[in-house]
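Next come the chains, spelled out residue by residue.
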Amino acid sequence: MSVSSGAALQNPDIGGQRRKRPFFKVLLRDVRRSPSLYVILAPVIAYYLLFAYKPMSGALIAFMDYIPGFPLWESEWVGFSNFVDFFRDPNAFSVIRNTFVISVSSIVWGFPVPIVFALLLNELRNRRFMRVVQTVSYLPHFISLVVICGLLRTFVTTDGAITGVLYRLGLVPNESLLNSPANFVPLYVVSGIWQEFGYGAIVYIAALLSINTELYEAARIDGCGRAKQVWHISLPGIAPTIIAMLLLRLGQVMNVGFEKVMLLYSPLIYETADVLSTFVYRKGLQEMNFSFSTAVGLFNSTCNFLILMIANTVSKRTSGNSLW
Amino acid sequence: MKKTKLPISQRIFNACNVALLTVVSVLTLYPMWHVIMASFSHSLPLARHFGPIFYPLGGFTLESYKGVAANPVIPGGYRNTLFIVIFGVAVNILMTSFAAYFVTRKDQIISKFVMRFILFTMFFSGGMIPMYLNIRDLGLYNTIWALILPVSINTFNFVILRTSFYGIPESLEESALIDGANHLTILFRIYMPLSKAVLAVLVLYYGVGHWNSWFNAMLYIQSRDLFPLQLILREILISNDISAMASGGSQDLTEIAMSIRYTVIVIATVPILALYPFLQKYFASGVMVGAVKG
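Residues numbered from 1 in each chain as written. Chains lettered and ligands numbered in written order. Predicted model: local features only at pLDDT ≥ 70, side-chain atom pairs only at ≥ 80, totals over all residues.

Undergrad: Explanation requested: the overall build of chain A in the structure shown.
TA: Counting secondary structure elements, chain A contains 16 helices and two strands. Radius of gyration (C-alpha) of chain A: 26 Å, far over the 20 Å computed for a compact globule of 324 residues. Counting only C-alpha atoms and orienting by the principal axes, one finds that chain A spans roughly 75 × 65 × 35 Å. Taken over 324 residues, chain A has a buried fraction of 33%. Across chain A, every contact between residues at least 6 apart in sequence was considered, and the portion connecting residues at least 24 apart equals 65%. (Helix = DSSP H or I, 4+ residues; strand = E, 2+ residues; numbered from the N terminus. Rg over C-alpha atoms; globule rule 2.2 N^0.38 Å. Buried ≥ 20, exposed ≤ 12 C-beta atoms within 10 Å, placed from the backbone. Contact = placed C-beta atoms within 7 Å.)

Structure representation (structure tokens):
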């Protein structure tokens, strides 16, 4: 980098050299050398400050008694009382429980499906058929959530396609499935699998394709059947991908896809369907309890953050995989 | 090339596998088939129908399509959504390229700091309410820009593009600098053209994202004439509110309410599914770039 960097910066990681040049002096010199680069940076910084960091500081109203319309600095500090109010709320427990139940069921049922699908697809001998099945499988990923949920609602109404089939099999009474609390989680999970299994399989399929085919040949010569090849070669081959994906997924445990919940639930089934973020939405934007709902939201994102950290640390220790 | 004959157990497995995956494909496609057939059905038999639909009920008809076309609400939503997609994606691509370009300049003392500054937002956010108040403070409330500016950069997509920019040899930048080019020129003339495939994936991701998004519009938009398509769909499909459409149209839509529901689904989904064959060869590679950490 002969033009834009000096001798000291060729080894920017050597602490001893950097200490000789104060940070701001180097920054100033960088800016002077390539002003156009900082023209590029400015809108990026502005964007993150305005739309990410400013709202983060706005979350301080969780510790205030903020009244809409009044300036922030005139609001009274109330410490953790909004959080205490939340935990005293009769709905707090069920909202937290639902968030966990929906999320954990989605992982437990939904996570293995793309892996199994990828393995089955990989066992197909006919490549053309394989491509067709794969292409069909990720189509639903691109359909909007509003449409998916609208469809699901239509299919499970009293005279819908799904209710119709299940009713004739004698499995359900002849009424809308989304009206009974017990059905919400299964419907949420199954429709989620339907929409995402094919798309989720893409990474596994790519990982499978990158496994050295000589390994399979060697195993065949050693007398391994297909099942054994899957177990001893395919699965270990994609294990790092599986772990990385699981890690990403676990970090989102408290991050239920609440847009979908919002599109599917109704007061009839709040007891199983209401989650933290929908609770925040109702309390905040429908009942205008800004401080209270910000506190709930802050509790939610703090949980997310902690869980992600824990998942990442555990994974780093056990498998050497880390998100960053 | 005929391979040696497989043992019977393997042939049974293969047959079962093909059968299973066929069933899976059919189950994946069926809901879409159902919707398309229902949208071409006559409304009366459709309203009386119970269970799956495999062909247009009461014979093929376009009555519900005519009903939707005669109504100003859906085309209005379409226009808003198109505006958001076009301008939104332009902003997205520009801003994401800016961010990715800066953090890949390793010779700048703050590039690592900027990277952390950006990544942190992936893991922590202020939440829905502070964001809502922020949008009001900034004067974006009830403007179409509230649906474009706050989502200028998706950090995942930024990471994808950064990985691609890292793969471009630094010598290109150096020689351009020696020739007197500034960084904007280098970005637009060298980096972006060299990352065309990845940028195509990002256009797809961002475009589909804008097309399908509804929640921000529900939070930040109040005037009905600014509603994007998905928000109108939500009223029709989720809130079962066909009156939103009936108010504007001359024809009584409540009569064909059932087939209207299916028709709007088709109309709102076809543009994406029509692009799908052209774009799908790109996005599989895009997912892979995203999976590789930079």
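Undergrad: Sorry, what's going on with the environment of Leu204(B) here?
TA: Residue and element names in this part refer to chain B. Checked against the element boundaries, Leu-204 lands in helix α10 (residues 196–212). Looking at Leu-204, the number of C-beta atoms within 10 Å reads 21, which means it is buried. Along the sequence, Leu-204 and Val-89 sit 115 residues apart, while their C-alpha atoms lie 9.0 Å from each other.

Undergrad: Mind showing me how you'd approach the nonpolar core here?
TA: Soluble globular proteins: nonpolar side chains tend toward being buried together. Within the largest apolar cluster, 118 residues are counted, with the highest numbers of intra-cluster contacts made by Leu264(A), Ala99(B), Phe102(B) and Leu233(B). Among the elements that take part in this core, helix α4 (residues 73–103) of chain B stands out by supplying 12 residues, more than any other. A domain split of this core shows at least three residues from each of domain 1 (7–69) and domain 2 (84–319) of chain A. Membership of the second largest hydrophobic core comes to 16 residues, among which are Ala201(A), Ile202(A), Ala207(A) and Leu21(B). (Core = buried A, V, L, I, M, F, W, Y, C linked by C-beta atoms within 7 Å. Domains from an automatic or database assignment.)

Undergrad: Please clarify how the interface of chain A and chain B should be interpreted in this entry.
TA: It is common to give the size of an interface as the accessible area that goes away when the parts come together. Counting from both sides, the interface comprises 78 residues of chain A and, opposite them, 76 residues of chain B. Top element by residues in the side of chain A that touches chain B is helix α3 (residues 35–58) of chain A. It accounts for 16 residues. Tallied by class, residues from the side of chain A that touches chain B come to 52 nonpolar, 18 polar and eight charged. (Nonpolar A, V, L, I, M, F, W, Y, C, P; charged D, E, K, R; others polar.)

Undergrad: Help me understand the packing of helix α6 (residues 112–122) of chain A against helix α10 (residues 181–209) of chain A, please; the structure alone is not making it clear to me.
TA: Helix packing for two helices is described by the angle between their axes and how far apart those axes are. All names here are of chain A. For the pair α6 and α10, interaxial distance at closest approach is 7 Å and the crossing angle is 55 degrees. The angle between α6 and α10 places the two elements in the oblique class. The element α6 and its partner α10 pack so that their crossing is right-handed. Contact residues: α6 offers Val-113, Pro-114, Ile-115, Phe-117, Ala-118, Leu-121 and Asn-122, while α10 offers Ile-193, Phe-197, Gly-200, Ala-201, Tyr-204, Ile-205 and Leu-208. For the contact of α6 with α10, a count of residues per class yields 12 nonpolar, two polar and no charged. (Axes fitted to C-alpha atoms, helices over the stretch in contact; angles between N-to-C directions. Parallel < 35°, antiparallel > 145°, perpendicular 65-115°, else oblique. Left-handed = near helix turned anticlockwise from the far one by under 90°.)

Undergrad: Just checking my understanding: could you explain the confidence of the model for chain A for this structure?
TA: The predicted coordinates of low-pLDDT regions are not to be read in fine detail. Residue and element names in this part refer to chain A. On average, chain A scores 84 in pLDDT, and the residues at 70 or more come to 92%. The secondary structure element of chain A with the lowest average pLDDT is helix α1 (residues 15–20), at 52, and the one with the highest is α3, at 94. Taken together, the stretch residues 1–16 has pLDDT below 50 and engages in 19 contacts with residues farther than four places along the chain or on a different chain. (pLDDT = per-residue confidence, 0-100.)

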